[in-house]
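Residues per chain, in single letters:
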Amino acid sequence: MEDQSKPLIWLYGEVKTPPFSQEARIEAGVLLRQLQKSESIGLPHSRPMSSIGTHCHELRIRDADKNWRIIYRIDDDAILIIEFFNKTTRTTSKKVIEICKKRLSKYDSDQQE
């Protein structure tokens, strides 16, 4: 049977130890693999981020002393990894949202060429 998983396209960064603990890195890998297989992930692991754009979501990974977030977008042909950061406040900063929008805009315009 042919592998029908979507590739991950990293617009920014990588998940590695450090800064992630080994457990958090493994959890991130498992969740990203589920996304690649087009499996639906909901709360508490993922939530929509419509403030960034359509089909954008935030993976939530709890580490020993950090709350990691991986911002991603589900496209028809790939999973785009837009940003990851240690979330220290209740809301996502406007700066992070703007960075994500800029990366997506650049990616989308590059795909049109």
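Residues numbered from 1 in each chain as written. Predicted model: local features only at pLDDT ≥ 70, side-chain atom pairs only at ≥ 80, totals over all residues. Heavy atoms only, no water.

Q: A description of the overall build of the protein should follow, citing residues and the corresponding values.
A: Counting secondary structure elements, the protein contains 2 helices and 5 strands. Since a compact globule built from 113 residues should have a radius of gyration of about 13 Å, the 14 Å found for the protein is in line with a globular shape. Seen through its C-alpha atoms, the protein measures out along the principal axes to roughly 40 × 40 × 25 Å. The proportion of buried residues among the 113 residues of the protein is 37%. (Helix = DSSP H or I, 4+ residues; strand = E, 2+ residues; numbered from the N terminus. Rg over C-alpha atoms; globule rule 2.2 N^0.38 Å. Buried < 20%, exposed > 50% of the residue type's maximum accessible area, 1.4 Å probe, protein only.)

Q: A description of the confidence of the model for the protein should follow, citing residues and the corresponding values.
A: Taken residue by residue, the protein gives an average pLDDT of 88. The fraction at 70 or more is 95%. Put simply, strand E1 (residues 8–10) is where the protein has its lowest mean pLDDT, 89, and strand E2 (residues 46–48) is where it has its highest, 94. (pLDDT = per-residue confidence, 0-100.)

Q: Run through the pairing of strand E5 (residues 79–86), naming residues and quoting values.
A: Where a strand is regular, its side chains alternate between the two sheet faces. Counting buried residues along E5, 7 of its 8 residues qualify, which places the element largely inside the surrounding structure. For strand E4 (residues 67–74) and E5, the ladder comprises 7 bridges, and the chain directions are antiparallel. Bridging across to E5, arginine 73 finds its partner in leucine 80. Linking E4 back to E5 in an antiparallel pair, the connection comprises 4 residues. (Pairing = 2+ DSSP bridges.)

Q: Can you break down helix H1 (residues 22–36) residue by residue, with the values?
A: Taking 1.5 Å per residue, 15 residues should reach 21 Å; H1 reaches 21 Å between its end C-alpha atoms and fits that length. Those residues of H1 hidden inside the fold are in contact with E1, strand E3 (56–62), E4 and E5. Once H1 ends, the next one or two residues include serine 38, with phi positive near 65°. (Expected span 1.5 Å × (residues − 1). Contact = heavy atoms within 4.5 Å.)

Q: Got a sec to walk through the sheet that holds E2? Specific residues and values, please.
A: Taken in spatial order, the 5 strands make up an open sheet running E1-E5-E4-E3-E2, and their pairing is mixed. The sheet is open, and its two edges are formed by E1 and E2, each paired on a single side. With direction set aside, neighbouring strand axes in the sheet form an average angle of 30°. (Axes fitted to C-alpha atoms, helices over the stretch in contact; angles between N-to-C directions.)

Q: Pulling in residues and values, what's your account of unusual backbone geometry?
A: At the junction of leucine 43 and proline 44, the peptide bond is cis and its omega measures out at 10° in the coordinates. Mapping proline 44 onto the fold places it in the loop between H1 and E2. Notably, serine 38 is not glycine yet its phi reads approximately 65°, a positive angle. Mapped onto the fold, serine 38 is located in the loop between H1 and E2. Positioned with a positive phi, histidine 55 is a non-glycine residue whose angle comes to about 65°. Here histidine 55 is to be found in the loop between E2 and E3.

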